[in-house]
Each structure stands twice: as C-alpha cells, then as structure tokens.
Amino acid sequence: MGIRDFWQRLVDRGGAFAQADSGSRREAQALLTGYLESHADKADQWLTTTAKNFPLTPELDAASPEIQLLVLLAVADRLCGTKDFSPRHGSSQALFNQFMRRKLPHTDASLCSLIDCAVKTSRYFMPVGALIGRVQKHVDGGEPSEELAQALRRLHVAVLSAYADAGDRRNADKIKRILLGEEEVPLLNLEDAWAKRAMQSLLKLDPKQRKPWEKLLRHAAGATQAKPSKKWSTEARKLVDDIGIAPLHAFLEECVSAVGEPGTREPNRYLGEAFDASMLHEKNADVLRGLVWCFAGEAGAPYARTIGELADRCYHKIPEIGARCTKVGNACVYAFGQMPPPHGVSELSRLRTRIKLPSIRKTIEKALQAASAKTGISTEDLEEMSTPTFGMAADGVLRVEMGEHTAELAVVAGGKTELGWLTSAGKRQKSVPKQVKDNHNDELKALRKKAKDIQKTLATIRDRLERAPIEQRVWSLDDWRKRFIDHPLAATLARRLIWNFEFDGKTTAAFSTDDGLVTCDGAILSPGGGCKVTLWHPVHASSDEVRAWRVWLEAKEITQPFKQAHREIYILTPAEEETDIYSNRFAAHILKQHQLNALAQQRGWVTGIYGGFDSENTPTISLPRWNMKAEFWLEWVDGGAEGLSDHGIALYVSTDQVRFVTPDREPVRVCDVPKIVFSEVMRDVDLFVGVSSVGNDPNWVDQGNRLGIEYWSTYAFGDLSESAKTRQDIFSRLLPKLKIAKHCELIDRFLVVKGSLRTYKIHLGSGNILMLPNDQYLCIVPARGTRGADKFYLPFEGDGMLSVILSKAFLLAEDKKIKDPQILGQINRR
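Keep in mind the model is a prediction, meaning the values are calculated, not measured.

Quick look at the overall build of the protein chain
A count of helices and strands for the protein chain gives 32 helices and 22 strands. Taking the principal axes of the C-alpha coordinates as reference, the protein chain spans close to 105 × 65 × 65 Å. By residue count, 51% of the 830 residues in the protein chain fall in the buried class. Of the contacts formed within the protein chain by residues at least 6 apart in sequence, a portion of 66% connects residues at least 24 apart. Approximately 39,500 Å² of the protein chain is accessible, and the part contributed by carbon and sulfur atoms is 50%. Looking at the protein chain, you have 113 positive and 107 negative side-chain charges, and the mean spots of the two groups are 3 Å apart.

In structure tokens:
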C-alpha cells in the first residue's frame, strides 16, 4: 500500500485520528513521513528498536502533545495486523515504543483505536503492558466508559490466547482490575499452596480487621519491578504501620512454611513450558515480592531469618527447570542489602554458600559488595563480624527453659546439633518430656527450627574457614579471638583447627586449648604484640611437622571439621613441568556429569551443561586474590542413546587438561602458579574425579552398561589417588584400635578383610570389592546415609568413602551374620 493510500485509509476508518482537524492531520502526516524517511537506510537495525538506533527527528520531538498523539495513532495503524518480523517495521516499532512512554492527551477514542490495533497485532510489535498502563492512568481508579470497556474486553480475550505466557496473564489481570475495580479482583490466585494458606488466615479476621491487610496485599501486587520505587516504599510503610511489623512477620512466616508445597495449577499444554506444581503463580509471586520488600530496612532486620528461609525455598533448584521463583529470591537479597549489619549480611553469607546457580550467586555477591561499600568494611570481615550466636552460651550450648525442664541444644560431630533435656532435679534425658510436648509445643517448634538454622550457619563458617588459606586471610590476635575462639558457635569449629601465629619475626603453629595455645610438641605459646594469625596449611609445612600434628590430633582423638593436618598436598610433577601451561594428571577419566556439576558448584566452581548441542561450558573457578582462574577441560562422552538424557544432556563427560589462565584467558605457566593455589585446585579436581567417576559405581557392570567398561575396570581397582593414599595412612594407625583388627590387613591398594566364608579386598580409592582366591567382584551398594565411622574416632569429617569402606569392612569381617540374599548369593558363588 502506498503512503497516500495509507493516510486516506486512516481517515476513512474514522476514530480518533479522523476526528482531528485536517490541518493537524497534515502536520502529523508530514512529521511521520519525515521520521520514516530519516531512518530508511537502517533496515539492518530492525531487531534493536531502541531510541538510540531510531531517534526522533527534531521536528517530531518538538511537536505539541496533541500532534504527537496523532502520530502515535498513525504509526499504530501502520503496525496493525503485523505478525512477523520485517526490516520495514523497525522504525515504526521504535516510534510506537517511545510515544507510548510519553504523557500524551489520550481520550477514550484514542485508547480504543490503539487497543483495536493491539488486538490484531502480535504482542512483539505492540507492548500491551504499556498500553494498559496508559488506560489505567486515563481511568484513574474510576470506571471506564462503555466504549473503552468493550475495547478492553476484546483485548482481554486476545491476551489470554492459548499461547499466553506469564506476562500475558499478568496483563490480563490488570485489564480485569480496570473493568471490575480493585475491590472485586481476588487478592491471590488460590492455586498456590501458600496463597491458599494466606487467605485462610485472613478469612479468620472480621471484615474490619481484614481491611488493612487487603490494602497491603493489593499494594504488594504492584511489586512488578526488580526494585521498589520511592513512592511504592513510602506507601508500603504507611500500610505496614497500620498492621504492625510483628503481626506482618507472623503472617509471612505462615506463608513461607507453605512455599514449595505442590499447588493445583496445571501447565499450559500449548506452550509446552517447563512446569512444576510447586512453582509460584506470577501474580502471587508479585504479592510475595512486595511483602518481602516491606522488611527492607532496619525495622525488618530482626526478621531476617524468615526472609532467608523464603530465599532458600525460592532459590531451590527444580531439576531441568532452575530456581523455583528467582524474582522472589532476588527480592529477599534486596531486603538483606537494605538491612543494617549483621542481620542481612549474615543471611547473604549463608546464601552464598548454599546457592549453586551462577547467575544467582552473582546477585548475592553484588549485594555483599554493596554492603561492604556502604560500611567501609571488606566483604570477608563483614561476613565474619555478622556471624550470629543464636543465644548460645560461651560453652557452645543453647539453653531454653520450658516449664520445669531446660532444653540444651549443643553442636556435635559432623556439624549437626543434638537436643537434650535437664529436669529441675538435675537429671538428664534425651527424649522430649511429655510436659513440654503438652504445654510448650510452639516453643519446641521454634527451637527445632533454630537447630536447623545453626547447622546451616555452621556449614557457612566451615566453608569460609576452609577457603581462608587460598584467600590469604590474615587476622589480628584480638579479631581472631573475637570472631572465632570466643564466638560460641564459630569456636566449635575453630578450636579444632591448627593456626599460625606470626610475631617477633617468626611463625609458629599452635592449637587453641583450655590451657592456652599449644604446639605439637606440647609447648605453651604466648604471642606478643602485633601478632598476626593465619590458618595453618600443610603445603607450607615440612613433612615432619605434618606428621607430628597428625599424631598429636589422633592421640587426643580430636576430629577436625575438615581435612587440615591430613589434607592432601599436590606438588608439580616433571610431566607438568614438561607440558608447561597445563596438567594432564587427571585426564582420561569418565565422570557422571550431574554429580560432577553438583560437587563442583559446591566447591565454588562455575559449571555448565554438556550435551548433543554446541556449548562452551568448561568448569572454571575464579581466584581473584591471585588474579587468575583455573579451568578443568571436559568433553561429553558420545555414547548414543545410552549416554544422553531425554533432554539431550550428556550423562557422562571425559576429563582433559587442567589449566591456569589470567582473567583475559591468557595461559599461566604451571611453574608460576603459587604452591597453595596449585595444590588446592588440583585437590578439587581430584575430589571431582574421586567422587563422580563411574569407577566408583558398584552397579556399573551389573547394570549392563557397556559405556566405559574398560575404564571402569582400570579405575575401580587401579592406583591410589592422593585422597586414597591419605585413607591408607589413616588405616595404618586406626586398624589396631578396631575390634575387627585381627581380621584386617593393609596390602598395597587394598584393605584385606578375612571373613569366615571368604577373604575380601576393599579398594581404598573406589571402595569396590574383590573376593579371593579368584578376584571375583562383589557388589555391595551402601545404603543412603551410611555412616560406618560414627562408632569410632576419625581424625576429620567429610570423607564419605572412608565411612563406606569401614562399614563394608565391619560387615564382611562377620560375613556369617549377613542376611541379604543378594550379597550371600555372590559370596557363595564359586
């Protein structure tokens, strides 16, 4: 259609444009024609329809609002009916977007014309949300005219097509609010479990009491942006004041307890969208985000733990989908950033340890950095200073009186907590007293919840301490005592670690005991002024010192919270000096990809997914203190259908080089990598291989899996890794203390166990078993959560394979007592 025909058609159609006087129409025609001609040579930019790429002509920008409105109506008609992308639409779409953001003198007729165009046009070319926003401002809380209401109903039908997505459903809800009025639109979509529980709670109130709650929820529904505006926050504070922050917290706490429970909503079968019944409806998610924003600031700080629990539930990763509700989780992070230390920082620190998705971790990191900039304190110091005590006494025990009994919550092995009870007569018992169950049930629930929070915080502190050497953390003696040794919770970990004390020109390693700082030879250390404290690491110690500390810890039966004295050390080999810029030490292994990714993310690596598609997903860890990164190169194993999931994701990957690079990915020579960096990175990679290798799977052969069968046979009983050598060293001193000592012997790579029926060889690396005399394979799959090491002392926590090997040894030493028919069948088969 020619441009003249277009203008004539526009007049013939009637409506707002035709109602304008001829002079105004001619002016609008000239301005639009000039604008389109000025961008006629920009067909290559039609996919980026921004104001920067398609600026207004000076004449059009200076035109009166009335003329600009006519231009908007004309360009809307020009786009009307567009369904497919085309270079000729770029400038028109850019102009439409710019003018929809301007405050123009809209009338019912102009809005009806725009709505009719939107109904016939793909939403990619006409932003329906902006149009609805203009209608809302035009109506200004009142009722729309009958003409406008009819147009809105047509738009509502068009928006809720079979292919409506979350944004469309939100727009449809806004239209409904204009047509029916705020009071008539349901506050929440009851398909979500938390929304149903929230409404049940509100309906218990009488109408007068319910009114301020309804006002707050309607205001919270307007939380559609990433962050609240100043106007939104001001109104929210007024509404919260009418209710009270404590009652609001109680309401939110009840809602949070239901987030993650499956709802009744069903997926859109036309869109084929990823779906899980526990996901939040977009409308409800906006309300929940708004409620969270109400706790941003000093008033919400005491309730940070509830917001943290919500963040955990919303950031929870749903397989093959991602986080349950990222925008509500991000709202929690925003709220933490607005709280004064230590409340928000403590939760951010805990979240950073727990959350594995890279994009979410970046959001949390930014919030921590912002808090650091605001206080002028480094992120690391701020996190340590914000560690909560949970009301624990100096001995690391939380005591709560409940009637005639006192609950005692203490930290025990493995970062767990244990609840015990003390009667008024001083008698101790493990079970919950009946009087407490009957009369103090709410307090008991709160205490158990606090126990879980303590365990999460312990994990955060442990991970922070384990990273301290590679992050070069240094403390003054006073800060060290305050943050670790005298902190009732952190001390449960710090008092089981070895520390370096630098003063008077030398550095000495010591252990904090009730008698003071003690060295491995029993001497008492008295640090002088200006003492600097660091966490001891064996890479900087002699082999004699490492051995002395191991013997000292084992003699006193001290279990360290992670491997420190028994930590594996990785030094540069001649082969690595030869390859110069990479290491092949861990090449040619076959790993389970999903297990690898979970473990790598837990250790702070950023990973992606390999599969039957083009991707660059090399696992990488940033080492900002050293201005470098480490990369673990992988390739996906093409095993046909046997090696791919239903979504085309590789189940297995093969390992290749480990490289160190600068932030710009320039290679770093391995001989130039600091010893502690090289050792810790290689230890991580060894851990990845040791845990996720298919060679560890006792069912691999029995399942008939032919993929990598030669590799499995080699790895399952091959040479020991550094971590397996550590187990070998521990067993050499541990075996004589075990009740099965007479049945056991260390021979080469195996723990040999002599049972009554047969003799067994348990590999110290994989935990797989061979039976003598013919090296027949014995498949024993340990039950989930097997903890064979709980019954006796081990020098450190965290080595699951060590526990598995011990549990198998105890089982096989008394093989006559085995009842499992599958295990007996293998043993008796000759």
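There is more to say after this.
Remarks on the sheet that holds strand 4 (residues 405-412)
Strand order in the open sheet formed by four strands is 3-4-5-6, and the pairing between neighbours is antiparallel. Either end of the sheet is taken by a strand with one partner, and the two such strands are strand 3 (397-402) and strand 6 (428-429). By the bridge criterion, eight bridges tie strand 4 to strand 5 (residues 416-423) in an arrangement that is antiparallel. Along strand 5, the bridge assignment pairs His405 with Thr423. Packing against the sheet, helix 22 (residues 441-467) makes contact with strand 3, strand 4 and strand 5, and its axis sits at approximately 145° to strand 5.

Looking at the packing of helix 8 (residues 128-139) against helix 9 (residues 146-159)
Close contact between helix 8 and helix 9 brings their axes to 13 Å; oriented N to C, the two are set at 155°. On the basis of their axis angle, the class for helix 8 and helix 9 is roughly antiparallel. Seen along the crossing, helix 8 lies across helix 9 with a hand that is left-handed. Residues Val128, Ile132, Val135, His138 and Val139 of helix 8 form the contact with helix 9, whose own contacting residues are Leu148, Leu152, Leu155 and Val159. Classifying every residue of the contact of helix 8 with helix 9 by side-chain character gives eight nonpolar, one polar and no charged.

Overview of the confidence of the model for the protein chain
Predicted confidence across the protein chain gives a mean pLDDT of 88, with 92% of residues reaching 70 or more. The low-confidence segment residues 785-789, where pLDDT is below 50, has seven contacts with residues more than four positions distant or belonging to other chains.

As for the packing of aromatic side chains
With the rule as written, the count across this model stands at 17 aromatic pairs. Plain terms: the ring middles of Trp475 and Trp499 are 5.8 Å apart, the flat faces sit at 75° to each other, and that makes the pair edge-to-face. With Trp475 in strand 7 (residues 475-476) and Trp499 in strand 8 (residues 498-503), the pair connects residues that are 24 residues apart, well separated along the chain. Summarising the burial analysis for this pair, Trp475 and Trp499 share the class buried. Aromatic side chains Trp605 and Phe688 sit 5.4 Å apart centroid to centroid with 80° between the ring planes, which places their arrangement in the edge-to-face category.

About the criteria used
- Residues numbered from 1 in each chain as written.
- Predicted model: local features only at pLDDT ≥ 70, side-chain atom pairs only at ≥ 80, totals over all residues.
- Heavy atoms only, no water.
- Helix = DSSP H or I, 4+ residues; strand = E, 2+ residues; numbered from the N terminus.
- Buried < 20%, exposed > 50% of the residue type's maximum accessible area, 1.4 Å probe, protein only.
- Contact = heavy atoms within 4.5 Å.
- Areas by Shrake-Rupley, 256 points an atom, 1.4 Å probe, with all protein chains shown as cover.
- Lys, Arg positive; Asp, Glu negative; His and termini not counted.
- Charge placed at Lys NZ, Arg CZ, Asp CG, Glu CD.
- Pairing = 2+ DSSP bridges.
- Axes fitted to C-alpha atoms, helices over the stretch in contact; angles between N-to-C directions.
- Parallel < 35°, antiparallel > 145°, perpendicular 65-115°, else oblique.
- Left-handed = near helix turned anticlockwise from the far one by under 90°.
- Nonpolar A, V, L, I, M, F, W, Y, C, P; charged D, E, K, R; others polar.
- pLDDT = per-residue confidence, 0-100.
- Phe/Tyr/Trp six-rings, centres within 6.5 Å; stacked < 30°, edge-to-face > 60°.

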